[in-house]
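Results of the structural survey
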Amino acid sequence: MTGGMPYVLLSHYPRNTGWRWAYTPWNTSSTSFRQTEENLPKQVDDLGSQFTEIFIKQQENVTLLLTLVEEFDFHVRWPGVKLLTSLLKQQGPQVQQIILVSPMGVSRLMDLLADSREVIRNDGVLLLQQLTKSNAAIQKIVAFENAFERLLDIITEEGNSDGGIVVEDCLLLLQNLLKNNNSNQNFFKEGSYIQRMKPWFEVGDDNCGWSAQKVTNLHLMLQLVRVLVSPTNPPGATSSCQKAMFHCGLLQQLCTILMATGVPADILTETINTVSEVIRGCQMNQDYFASVNAPSNPPRPAIVVLLMSMVNERQPFVLRCAVLYCFQCFLYKNQKGQGEIVSTLLPSTIDATGNSVSAGQLLCGGLFSTDSLSNWCAAVALAHALQENATLKEQLLRVQLATSIGNPPVSLLQQCTNILSQGDKIDRRGSKVQTRVGLLMLLCTWLSNCSIAVTHFLHNPANVPFLTGQIAENLGEEEQLVQGLCALLLGISIYYNDNSLENYRKEKLKQLIEKRIGRENFIEKLGFISKHELYSRAAQKPQPSFSSPDHMMFDHEFTKLVKELEGVISKAIYKSSEEDKKEEEVKKTLEQHDNIVTHYKKVIREQDQELEELKQRVSTLTSQNEQLQATVTQQVSQIQQHKDQYNLLKVQLGKDTQHHNSHSDTFQMNGIQMEEVSKLKEELEEWKNKHELLQGQLREKDSVTEKLKSSQLEMATTEQSSQTSKSGGLEHNNELQKELEMLRSQIQLQSAEISKLQIENQKLQVMNTSADPVLGDSGATAGNNSELERRLEQEIKELKSEIKALSEEKESLKQQLDSSSSTVAILQDEKSKLQQEVAESKKEQDDLLVLLADQDQKLSALKIKLKDLGVPVEDEDDIESGDQGDEDEDGDEEEQD
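Chains are numbered independently. Their residues run from 1 in the order of the written sequence. Totals for whole chains, interfaces and linings use every residue, but because this is a predicted model, local features are given only for residues with pLDDT of at least 70 and side-chain atom pairs only at 80 or more, for both listing and counting. Each side-chain value is derived from all of the structure's non-hydrogen atoms; neither hydrogens nor water enter the calculation.

The predictor reports its confidence for every residue as pLDDT, a score running from 0 up to 100. Averaged over all residues, the pLDDT of the chain is 79; the fraction at 70 or higher stands at 75%. Two residues qualify as a contact provided that any one of their heavy atoms is within 4.5 Å of a heavy atom in the partner residue. In the model, residues 1–37 has pLDDT below 50 throughout and makes 46 contacts with residues more than four positions away in sequence or in other chains. Scored below 50 in pLDDT, residues 663–673 makes 35 contacts in the model with residues more than four places away or belonging to other chains.

With that settled, consider the environment of Gln 635. Helix and strand assignments follow DSSP, with helices taken as H or I runs no shorter than four residues and strands as E runs no shorter than two, numbered in order from the N terminus. Among the structural elements, Gln 635 can be located in helix H32 (residues 577–662). Think of it in three bands: with a 1.4 Å probe and only protein chains considered, a residue is buried below 20% of the maximum accessible area for its type, exposed above 50%, and partly exposed in between. Overall, the relative accessible area of 9% leaves Gln 635 in the buried class. Taking the C-alpha atoms as reference, Gln 635 lies 7.9 Å from Leu 813; in sequence the two are 178 residues apart. Once residues lying within four places of it in the same chain are set aside, the contact partners of Gln 635 are Glu 809, Ser 812, Leu 813 and Gln 816.

In this section: the side chain of Glu 479. With respect to the element layout, Glu 479 can be found in helix H26 (residues 477–495). The class for Glu 479 is buried, based on a relative accessible area of 17%. Those residues within four positions of Glu 479 in sequence are excluded, and the remaining contacts are Val 433 and Arg 436.

Any two side chains of opposite charge can pair, on the condition that their charged atoms come close. Salt bridge criterion: a side-chain nitrogen from Lys or Arg within 4 Å of a carboxyl oxygen from Asp or Glu. In total, this model carries 17 salt bridges according to the counting rule given. With its nearest N and O atoms 2.8 Å apart, the salt bridge here joins Asp 115 to Arg 77. In this pair, Asp 115 is assigned in the loop between helix H6 (105–110) and helix H7 (118–131) and Arg 77 in helix H4 (residues 74–90), connecting sequence segments 38 residues apart. As far as the burial class goes, Asp 115 and Arg 77 line up, both buried.

Quick look at unusual backbone geometry now. Cis geometry marks the peptide bond from Asn 297 to Pro 298, where omega comes out at 0°. As for its position among the elements, Pro 298 is in the loop between strand S3 (293–294) and strand S4 (300–301).

Here an axis means a line fitted to C-alpha atoms, over the contact stretch when the element is a helix, while the angle between two N-to-C directions is reported on a 0 to 180 degree scale. Put simply, helix H16 (residues 302–310) and helix H19 (residues 359–367) touch, their axes get as near as 9 Å, and they point 10° apart. It follows from the interaxial angle that H16 and H19 lie roughly parallel. Contacts between H16 and H19 involve Val 304, Leu 307, Met 308 and Met 310 on the former and, on the latter, Ala 359, Leu 362 and Leu 363. Convention used here: angles under 35 degrees read as roughly parallel, angles over 145 as roughly antiparallel, angles from 65 to 115 as roughly perpendicular, and any remaining angle as oblique.

Owing to its 3.6 residues per turn, the α-helix brings residues three or four apart onto one side. Its 23 residues place the ends of helix H8 (residues 136–158) only 28 Å apart at the C-alpha level, less than the 33 Å of an ideal helix rising 1.5 Å per residue. At every residue, the bend is computed as the angle between two fitted axes, covering the seven residues ending there and the seven beginning there respectively. A maximum bend of about 65° is found in H8 at Asn 146. Of the residues making up H8, those classed as buried are Ile 138, Gln 139, Val 142, Ala 143, Ala 147, Phe 148, Leu 151, Leu 152, Ile 154 and Ile 155. On its buried face, H8 is in contact with helix H5 (92–101), H6, H7, helix H9 (165–178), helix H10 (182–190) and helix H11 (212–228). Each residue after the first adds 1.5 Å to the expected span of a helix.

This paragraph deals with the packing of helix H15 (residues 283–291) against helix H17 (residues 317–331). Interaxial distance between H15 and H17 falls to 9 Å at its minimum, and their mutual angle equals 125°. The orientation of H15 with respect to H17, classified from their angle, is oblique. Residues Gln 286, Phe 289 and Ala 290 of H15 lie in contact with H17, whose contacting residues are Cys 326, Cys 329 and Phe 330. For the contact of H15 with H17, a count of residues per class yields five nonpolar, one polar and no charged. Residues are grouped as follows: Ala, Val, Leu, Ile, Met, Phe, Trp, Tyr, Cys and Pro are nonpolar; Asp, Glu, Lys and Arg are charged; all remaining types, including Gly, are polar.

Structurally, Gln 175 can be placed in helix H9. The spatial distance from the C-alpha of Gln 175 to the C-alpha of Lys 133 is 9.8 Å, given a sequence separation of 42 residues.

This part covers the environment of Thr 132. With respect to the secondary-structure elements, Thr 132 resides in the loop between H7 and H8. On the basis of relative accessible area, Thr 132 is assigned to the buried category, the value being 0%. In sequence terms Thr 132 and Leu 173 are 41 residues apart; their C-alpha atoms lie 7.8 Å from each other. Residues contacting Thr 132, with those up to four places away along its chain left out, are Gln 96, Ile 138, Gln 139, Val 142, Leu 173, Asn 176 and Leu 177. Two N or O atoms form a polar contact when they lie within 3.5 Å of each other; inside protein one atom must be a possible hydrogen donor and the other a possible acceptor, and for residues adjacent in sequence the pair counts only when both atoms belong to side chains. Only 2.8 Å separates the side chain of Thr 132 from the backbone oxygen of Leu 128, close enough to count as a polar contact.

This next bit is on the state of the cysteines. By convention in this document, the label disulfide applies to cysteine sulfur atom pairs within 2.5 Å. In total, this model carries zero disulfides according to the counting rule given. Looking at Cys 329, it has no disulfide partner, and the nearest cysteine sulfur is the one in Cys 326, 6.9 Å off. Assessed through its relative accessible area of 1%, Cys 329 is described here as buried.

Before going further, it helps to examine the side chain of Gln 415. Turning to its location among the elements, Gln 415 is positioned in helix H22 (residues 412–422). Residue classification places Gln 415 among the buried positions, given a relative accessible area of 16%. Filtering out sequence-adjacent residues up to four positions away, Gln 415 remains in contact with Phe 368, Leu 401, Thr 403 and Val 410.

Any two of the Phe, Tyr and Trp rings considered here, Trp counted by its six-membered ring, make a pair once their centres fall within 6.5 Å; the pair's planes then place it as stacked at under 30 degrees, edge-to-face at over 60, or tilted in between. Tallying each qualifying case throughout the model produces 14 aromatic pairs. Between Tyr 495 and Tyr 496, the ring centres sit 4.9 Å apart and the planes meet at 85°, which makes this aromatic pair edge-to-face. Exposure remark for Tyr 496: the relative accessible area of 15% places this residue in the buried category. Among the aromatic residues, those joined into a ring-pair cluster are Phe 144, Phe 148, Phe 187, Phe 188 and Tyr 193. A ring is considered to have a charge above it if a Lys NZ or an Arg CZ atom is located within 6 Å of its centre and within 35 degrees of its normal. Across from the ring centre of Phe 72, 4.1 Å away, lies the NZ or CZ of Arg 117, which sits over that ring. Note that Arg 280 overlies the ring of Tyr 332, its terminal NZ or CZ placed 3.9 Å from the centroid.

Spelled out as C-alpha cells, the structure:
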C-alpha cells in the first residue's frame with residue numbers, strides 16, 4: 001500500500017460496475033483528479049492495457065500475485081483478487097496462459113469460493129468469470145475442482161431466483177464452464193447437478209412482484225438449461241440431459257411457468273424456447289408436452305394455446321417466433337405428434353359442434369388470413385407436420401375446405417395454389433413476398449418424395465403455366481426469391497413425377513422448360529435460393545431468429561431440403577427420356593429386390609422366434625431332468641444304506657446260527673427261522689418281478705430316446721441354416737441318453753445284488769435242513785433257546801420294517817419313471833412337429849435363395865448399366881456388397897467353428 005493514501009470504500013455490494021475504490025489523499029487535489037479521470041476513460045483503458053502488458057512481461061509477477069492471494073489476511077488477499085481480475089480484463093489470454101502453467105495456479109484461486117468472508121468470495125466469482133472465458137482447459141480444471149457444487153450452494157444460500165446480483169454472477173460463471181464444453185456438460189449431468197436446478201423454477205402463485213434482478217436471474221437460469229440441451233451439442237449428450245430433466249421434474253416445472261399468468265413477456269418467451277429444446281427429438285418429453293393442458297375452462301392443450309398466440313398478429317414478434325420454434329421442436333422426429341396434428345384436419349376427426357378449436361383449424365386460419373406473417377408461420381408449421389412422412393402427405397390430400405357459401409368445397413392443395421396464383425391481388429398486412437414464399441415452401445415440402453401429391457398438383461391445368469410464367473419473367477430482386485422457389489417446385493414436379501398424367505409426363509415438362517424458359521435460365525433461377533443472404537442465415541441454426549418480420553423468409557429444415565434437391569433436379573433437367581426410362585426400371589427393380597429381401601428377413605425373424613421358443617422348452621426339460629436325477633441319486637443312497645444294514649443283519653444272523661449249532665438249538669427256533677426265511681423269499685420274488693417290470697419300462701424309454709436321437713440327427717443334416725442354433729438341443733438329448741444309461745446300469749447292479757441275496761437265502765435254507773438231525777435231543781437247552789428266540793424275533797421285525805420302507809421307495813421311483821415317460825412322449829410329439837416345420841422352412845428358404853440368385857444376376861447387370869449411365873447408385877450397391885461380404889465371412893467362421 002502507498003503511505004498516506006488509504007483505501008476508502010465508495011459503494012458496497014450489490015455492484016453496478018464492480019467494487020469502486022479511490023485514493024483519498026489528505027490534500028484537496030483528489031476532486032480534480034477524479035474529474036480528469038472521468039473525462040478521459042479511453043485513455044485510462046489504454047494506459048491500463050499498457051501497464052498490464054508491462055506487468056506480465058515478467059511471469060514471476062503473476063506467480064507472486066498468486067502466492068499473495070493465498071494469504072488469509074483480508075488486507076492482502078482482497079486487493080490481490082482485485083488486481084488479478086483487472087489483469088485478466090486487460091490481457092485475458094496472456095494472463096490465463098501464465099496461470100495455467102503455474103503450479104496449482106487454478107487450484108489456488110478455487111479456494112476463494114470457500115472463503116467465509118462474502119466480499120472475497122463474491123469477488124472470487126468475478127475473478128473466475130474472467131479466468132474461464134474462452135479457455136476450455138481452465139474450464140475443465142475449474143469444473144473438476146468441485147466448482148459446480150460450490151456455485152450451486154452459493155445460489156441456494158442466496159435464495160435461487162429471488163437472490164441478488166451474486167446469483168447472477170454465479171450463473172454467468174456456470175455458463176462459461178458449460179457452454180460449448182462437452183466434457184463439463186457430461187460431468188454436470190453425471191454429478192446429478194441437473195436435479196438441483198429444479199428449485200430455481202419454483203415460482204409462486206403470486207407473480208405480481210417481478211423485480212428486475214429476478215427477471216435477470218431467471219433469464220440466465222433458462223439460458224443455462226438451454227446450454228445443456230442445445231441442438232449444437234452431440235446428440236447423445238443432449239438426449240441424456242433431456243431424459244434427466246424429465247425424470248427430475250424440471251420439464252414439468254418449466255411447463256408450469258409456461259401456463260402461468262402474470263409472467264413477464266421476455267421470461268415467457270425464453271421459457272418457450274427452453275421447453276422447445278428440452279423436448280426436441282425426445283419422444284418421451286414430446287409425449288408429455290402433448291398431454292399438458294392450459295388452466296382454462298374448458299381445459300385446452302398447451303399446443304393449441306400456443307398456436308393461438310402464433311397466428312395472433314397482436315402478439316409480440318419474438319413471442320410468435322418462439323411459439324413457432326416450440327411447434328417445430330415438438331414435431332421434430334415425432335411421427336406420432338405429426339399424425340395427431342394432421343388428424344385434426346381430416347374430415348373424420350373435425351368437431352362438428354364447433355365447441356373446441358383444434359390445432360389444424362388454427363393452422364388453416366393462419367394460412368389464409370390477411371396477415372402475411374401469420375401466413376408464413378402457419379405454412380412453415382404445417383410443412384413441419386409433413387416433414388419426412390409420406391403417409392401424412394397422402395392423407396392431407398383428403399382435406400376439403402369450404403371457401404364460401406354455395407360453392408363446392410376445395411382441397412387444401414388447390415386452395416394453396418389459388419392463393420399463390422392471386423399474388424398481390426389480395427390486400428395483406430406485411431411483406432408482399434412473405435406469403436408466397438411460405439406457400440411455396442409448404443408446397444415443395446408436400447410434393448417432395450410423394451408422387452401422388454405431384455399428380456394431384458399437376459392435375460390442375462393452371463399450375464404449370466403459372467410456374468413457367470413466373471420463372472420466365474424478368475422481375476426485381478424481391479421477386480427473384482419467388483422465381484427460385486417456383487423453379488424448385490417445378491423441378492420437384494418433374495423429379496417425383498410417375499408419368500401417370502399423359503399431358504404432364506417428365507419428357508413433356510422438360511420440353512416445356514426448354515421452349516419457354518431455357519435450361520440454363522431455369523438452373524440460374526433455381527440457384528437464386530441458395531445464394532440469398534436470408535437462406536444462409538436460416539441454415540445456421542434451427543431456431544428462427546430474425547431482426548424484423550420482413551427478414552422472416554426461410555426455415556432451417558427447408559434449407560436442408562433445398563440442399564438435397566438442388567443437385568438432383570439440375571441433373572434431371574438434362575436427362576433424356578431413355579435415361580429416365582432406364583432409371584425408372586432400375587428403381588422398380590431395386591424396389592422389388594428390397595421387397596424380396598424384406599420378406600426373407602421376415603422369414604428369418606420368424607424362424608429365430610421359433611428357435612427361441614424351442615430353447616426355452618429345452619431349458620425347462622433340462623431343469624426337470626436335473627430334478628429327477630437328484631431324486632434318483634437320493635434313492636440310490638438310501639438303497640445303499642439299506643443294503644449296508646442288511647449286510648449287518650446277515651452277519652449277526654450267521655453268528656447266531658453258529659452259536660445254535662454248537663449248543664444244539666431247539667427245533668421250535670428252527671421252525672420260526674424257516675417261516676421268516678420263506679417270507680423273505682416271497683418278498684424277494686416280488687422285488688424281482690418289480691425289477692423286471694422296471695427294466696421293461698427302461699427298455700421302452702431307451703427305444704423312444706433312440707428314435708429322438710435319430711430324428712435330431714436327421715434334422716441336423718437337413719437344417720443347415722439353423723445348425724448352430726439347434727446344436728444345443730442335440731447335446732441336451734445326448735446328455736439325457738447318457739443319464740438313462742447310468743440309471744439302467746444302476747438297476748442292473750441292484751438286480752445283481754438281489755440275486756446274491758437269493759443265493760444267500762438258499763444257503764440259509766440248506767444250513768437249516770442240515771441242522772435238523774442235530775436238533776433232536778435239544779431239550780436240555782430250552783431256557784437258553786428262549787432268549788435267542790426273542791432276539792431273533794426282534795431282528796426279523798426290524799428287517800421287515802426296512803423291507804417295507806424299500807418297497808415304498810421303489811413305488812415312488814416307479815411313479816417318477818412314469819412321469820418321465822409322459823415327458824418323453826411329449827418330446828416325441830414336439831420333435832415330429834418340428835421336423836415338419838423345418839422341412840417347410842427349408843423348402844421356403846430354397847425358393848428364396850433361387851429368387852435371390854436371380855435377383856443378384858439382374859442387379860449385377862443393372863449396376864453395369866447404371867455405371868454406364870452415370871447414375872450415382874454406387875454407394876448403396878457398395879454398402880449392400882459390403883454387408884453380403886460380412887455375412888459370408890460370418891458363415892465361414894461358423895463352418896470353421
